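Summary of the model geometry
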Amino acid sequence: YGKALLAADSTDAAIVQLTRAKEYTPEDPAIYESLGDAFAKQNVVPMVVMNYQRAIELDPASTNRRIKLASVFEKNRQYTEAVREFDEIIKRDSSNADAHRQKGNIYLRAKLYKQAVPALRTFTELRPKSVEGSVLYTKALSGAGEYGETITEAMRSLRLDSNNVEIWRLLAQAQVEQRQY
């Protein structure tokens, strides 16, 4: 019933119902996840984190719940915690492309380019047709000063989207750095 209230945007009522449900079935991770979702709608971050963490404790194999928690951390600029959750997801499922992309993107925004490169390389290997992934990877390579690889990835990226001005700029910069005029 709490999930239905949440779906109907009756967030306060959903929180009341889910809190009651938690008293009757305290080991049900879905209740904690739904409570986290409800508190997320109200932007009560500590309660979101607490409930998602409890849901994960009860069901450690749940990738979806870890992604939700990592996304909350990322949104609230708790990057260390977000990366830790993405690492846990990757440890459990190394083929989770989105976890690699999000982890790489955190490092990219923090200008930690060398740390971003492996995560984004893996993402592009898992999703070779992703223009977004190729752009992010090219940015990371360029920022890390890996200009030879930047040129290679930029050329691949341009085959996916020849109108991407940012990739053209990164390609030109890398060619200048490599003295390829």
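Residues numbered from 1 in each chain as written. Predicted model: local features only at pLDDT ≥ 70, side-chain atom pairs only at ≥ 80, totals over all residues. Heavy atoms only, no water.

1. Quick word on the overall build of the chain
For the chain, the helix and strand inventory stands at eleven helices and zero strands. Reading the secondary structure of the chain in the N-to-C direction produces α-α-α-α-α-α-α-α-α-α-α. For 181 residues, the compact-globule estimate of 2.2 N^0.38 gives 16 Å, and the C-alpha radius of gyration of the chain, at 20 Å, exceeds that figure by more than 25%. Each principal axis of the C-alpha atoms in the chain carries an extent, and together these give about 70 × 30 × 25 Å. Restricting to contacts in the chain with at least 6 residues of sequence separation, those with at least 24 account for 44%. (Helix = DSSP H or I, 4+ residues; strand = E, 2+ residues; numbered from the N terminus. Rg over C-alpha atoms; globule rule 2.2 N^0.38 Å. Contact = heavy atoms within 4.5 Å.)

2. Overview of the environment of Ala119
Along the chain, Ala119 falls in helix 8 (residues 113–126). What makes Ala119 buried here is its relative accessible area of 6%. Spatially, the C-alpha atoms of Ala119 and His100 are 4.9 Å apart, while their sequence positions differ by 19 residues. Setting aside residues up to four positions removed in sequence, Ala119 forms contacts with His100, Lys103 and Gly104. (Buried < 20%, exposed > 50% of the residue type's maximum accessible area, 1.4 Å probe, protein only.)

3. Side note on the nonpolar core
Membership of the largest hydrophobic core comes to 32 residues, with the highest contact counts inside it found for Phe86 and Leu120. Taken together, the elements giving at least two residues each to this core come down to helix 2 (11–24), helix 3 (29–41), helix 4 (45–58), helix 5 (63–75), helix 6 (79–92), helix 7 (97–109), helix 8 and helix 9 (131–143). Each residue touching Leu120, except ones within four places of it in the same chain, is listed here: His100, Arg101, Gly104, Asn105, Leu108, Leu136, Tyr137 and Ala140. Grouped together as the second largest cluster of nonpolar side chains are nine residues, Ala154, Leu158, Ile167 and Leu170 included. (Core = buried A, V, L, I, M, F, W, Y, C linked by side-chain atoms within 4.5 Å.)

4. Quick notes on the environment of Thr11
Turning to its location among the elements, Thr11 is positioned in helix 2. Between the C-alpha atom of Thr11 and that of Thr122, which follows or precedes it by 111 residues, the distance is 39 Å.

5. What to know about the pattern of salt bridges
What the rule picks out here adds up to 17 salt bridges. The closest approach of N and O atoms between Arg54 and Glu57, which form a salt bridge, is 3.1 Å. Remark: Glu57 and Arg54 occur in helix 4; sequence separation between them is three residues, near one turn of the helix. Its salt-bridge partner being Lys91, residue Glu88 comes within 3.4 Å of it at the nearest N-O pair. Separated by three residues within a single helix, Glu88 and Lys91 lie in helix 6, roughly one turn from each other. Here the salt bridges do not stand alone but share partners, grouping Glu33, Asp37, Asp59, Arg65 and Lys68 into one network. (Salt bridge = Lys/Arg side-chain N within 4 Å of Asp/Glu carboxyl O.)

6. Details of the packing of aromatic side chains
Here the distance between the centres and the angle between the planes together describe a pair of aromatic rings. Summed over the entire model, instances satisfying the criterion amount to zero aromatic pairs. We note Arg54 situated over the ring of Tyr32; from NZ or CZ to the ring centre the distance is 5.6 Å. (Phe/Tyr/Trp six-rings, centres within 6.5 Å; stacked < 30°, edge-to-face > 60°. Lys NZ or Arg CZ within 6 Å of the ring centre and 35° of its normal.)

7. Digging into the confidence of the model for the chain
For any part of a model where pLDDT is low, the fine detail of the predicted coordinates should not be relied upon. Per-chain confidence: the chain averages 93 in pLDDT, with 97% of residues scoring 70 or above. At the low end of the mean pLDDT range in the chain sits helix 1 (residues 2–7), at 68; at the high end sits helix 8, at 98. (pLDDT = per-residue confidence, 0-100.)

8. Structural notes on the packing of helix 2 against helix 3
With their axes 9 Å apart at the nearest point, helix 2 and helix 3 run at an angle of 155° to one another. Relative to helix 3, the element helix 2 is oriented roughly antiparallel. Note on packing geometry: the crossing formed by helix 2 with helix 3 is left-handed. Here helix 2 contributes Thr11, Ile15, Leu18, Thr19, Ala21 and Lys22 to the contact with helix 3, which in turn contributes Ile31, Tyr32, Ser34, Leu35, Ala38, Phe39 and Lys41. (Axes fitted to C-alpha atoms, helices over the stretch in contact; angles between N-to-C directions. Parallel < 35°, antiparallel > 145°, perpendicular 65-115°, else oblique. Left-handed = near helix turned anticlockwise from the far one by under 90°.)

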